[in-house]
Amino acid sequence: MIIIRKYIIYALLIIGIAVAFTYLSVPIYKNIVFVKNDIWSSVPSLGDPKRSIYTRAYVATYGLFALSKPESVYFSADHDISEDSLDGSLCYILSGNDIQSASVSPRWWSLTVYDDDGYLVESSEKQYSYNSENIIYNSTGNFEVYLADRPTGNIQNWIKTPTDGLFSVVLRVYQPGEEFFSNLKRVDLPIIEKVDC
Amino acid sequence: MKSYLKKSLVLILFGFILHILFISYFHVGMLWVFDRETGANDSVNTVLLHTDTATSDTRGLKRPSSDVMYSICTYDVKYKPLIITTPIPDSYWSISFYSKNTDNYVTLNDLDIENKYLKVYLVGINSQPKKVSNGTVVVSPSDTGYILIRMFVGNGENLQQLKDFQESLSCIEYNDI
């Protein structure tokens with residue numbers, strides 16, 4: 001009985017150590033693998049067969065069937081330019097230049113809002129995202145998207161955010177070309193800033 | 001003291017091995033959930049499902065795109081190849097092949113396909129067909145896996161046309177082997 005108890009304690013210790021390694025590996029993995037571009041972070045080739053076991057586990061958690069280079073690149077933002085987490089009780093403006101008119105020319109792109117569980121936010125308008133074809137540009141060719149739980153009269157592009165809780169924005173860029181991939185840290189991407197609701 | 005240190009190191013080593021095993025096989029658990037929610041286990045070598053653009057009710061896949069319509073085939077090419085055919089639209093379209101560990105080993109898009117008609121022979125390591133005609137051969141690194149087709153909906157004007165393209169998709173076993 002004492003021996004069995006001893007082995008149970010060993011097993012629990014091993015599980016505890018494994019959990020600790022897993023917990024510690026997340027920030028280390030993000031620091032090593034993620035490419036940072038202002039508020040956005042990206043893993044350059046998520047679906048690549050040569051990816052590490054950590055990237056495979058990351059993809060399984062957040063997307064399961066990800067594309068690899070050169071087909072697509074995914075950027076994710078969960079904080080604004082003040083480095084505060086994106087919070088559904090607040091209001092934000094996402095603004096940027098037309099990604100297709102930059103020095104690089106992707107085939108198309110989209111911006112999508114997800115709740116803290118990684119699902120689309122319930123919206124009676126069913127406007128969960130904007131893409132390069134349905135977004136409304138302003139006269140200078142740039143765009144603004146209002147991120148809040150209710151629309152505003154000033155900005156036509158609006159994506160509903162969760163009323164409570166955190167959220168994230170994913171920017172997908174399809175067939176961006178080699179130059180885009182080699183400049184992931186510097187390519188001109190939209191910014192997200194808090195505004196008064 | 002030495003014995004205590006030795007025991008601690010052995011426990012840390014086993015803990016690290018368990019951590020590596022957990023990370024290595026994490027995707028298996030997520031695929032199990034996906035298969036269960038989509039019925040993938042009962043629909044091998046056929047079209048598993050077509051989706052409209054994702055909504056807030058969409059489950060099964062995290063972070064789905066609401067700008068893309070998906071079609072999914074599951075495959076098992078251990079004994080027979082699979083032949084995939086479909087006409088493709090003028091807008092962005094892609095077909096991506098995933099091995100059973102979810103690696104994206106091949107992607108073809110509409111710019112890669114001649115005559116706006118796709119014909120792909122998906123073969124396994126031990127299921128090479130004697131002959132193929134007018135098509136692209138893709139070799140799967142694993143016997144089983146998933147095929148995902150993405151169609152960009154753009155401003156949504158041609159949704160019905162894209163649905164017609166979805167319905168034209170065929171994933172069937174190739175018997176001329």
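Quick caveat, the model's predicted, so the values are computed rather than measured. (Residues numbered from 1 in each chain as written. Chains lettered and ligands numbered in written order. Predicted model: local features only at pLDDT ≥ 70, side-chain atom pairs only at ≥ 80, totals over all residues. Heavy atoms only, no water.)

(A) The overall build of chain A, seen in detail. Of the regular secondary structure elements, chain A holds 3 helices and 10 strands. Of the regular secondary structure in chain A, the N- to C-terminal order runs α-β-β-α-β-β-β-β-β-β-β-α-β. With respect to the three principal axes, the spread of C-alpha positions in chain A is 80 × 40 × 30 Å. Residue burial in chain A is summarised as follows: out of 197 residues, 49% are buried. Here the contacts in chain A between residues at least 6 apart in sequence split such that 68% fall between residues at least 24 apart. Counting every atom, chain A has about 9800 Å² of accessible surface; 55% of that belongs to carbon and sulfur. Of the side-chain charges in chain A, 16 are positive and 23 negative, and the distance between the mean point of each set is 13 Å. (Helix = DSSP H or I, 4+ residues; strand = E, 2+ residues; numbered from the N terminus. Buried < 20%, exposed > 50% of the residue type's maximum accessible area, 1.4 Å probe, protein only. Contact = heavy atoms within 4.5 Å. Areas by Shrake-Rupley, 256 points an atom, 1.4 Å probe, with all protein chains shown as cover. Lys, Arg positive; Asp, Glu negative; His and termini not counted. Charge placed at Lys NZ, Arg CZ, Asp CG, Glu CD.)

(B) Expanded view of the domain arrangement of chain B. Residue and element names in this part refer to chain B. Taken domain by domain, chain B consists of domain 1 (1–38) and domain 2 (41–173). Here the C-alpha centroids of domain 1 and domain 2 sit 34 Å apart. With both chains or domains summed, domain 1 and domain 2 bury close to 780 Å², and 64% of this area falls on carbon and sulfur atoms. Looking only at domain 1, the three residues that lose the most surface to domain 2 are L31, F34 and D35, adding up to 58% of its buried area. Run the count over domain 1 and domain 2 and you get 0 salt bridges. (Domains from an automatic or database assignment. Buried area = accessible area lost by both parts, 1.4 Å probe. Salt bridge = Lys/Arg side-chain N within 4 Å of Asp/Glu carboxyl O.)

(C) A look at the interface of chain A and chain B. Of the residues lining the interface, 53 residues belong to chain A; the matching set on chain B comes to 51 residues. Across the chain A-chain B interface, the total number found is 25 residue pairs in polar contact (both at pLDDT 80 or more). Elements represented by at least two residues in the side of chain A that touches chain B include exactly α1 (2–33), α2 (53–62), β3 (72–77), β5 (108–115), β6 (129–131) and β9 (167–174) of chain A. When residues of the side of chain A that touches chain B are assigned to their parent elements, the largest contribution, 9 residues, is made by α1 of chain A. A breakdown of the residues in the side of chain A that touches chain B according to their chemical character gives 27 nonpolar, 17 polar and 9 charged. (Polar contact = N/O pair within 3.5 Å; in protein donor to acceptor, adjacent residues only side chain to side chain. Nonpolar A, V, L, I, M, F, W, Y, C, P; charged D, E, K, R; others polar.)

(D) Inspection of the side chain of S96 of chain B at higher detail. With respect to the element layout, S96 of chain B can be found in strand β4 (residues 93–99). The exposure class assigned to S96 of chain B is buried, which follows from its relative accessible area of 0%. In this structure S96 of chain B touches L67 of chain A together with N104, V106, T107, Y146, I147, L148 and R150 of chain B, once residues within four positions along its chain are discounted.

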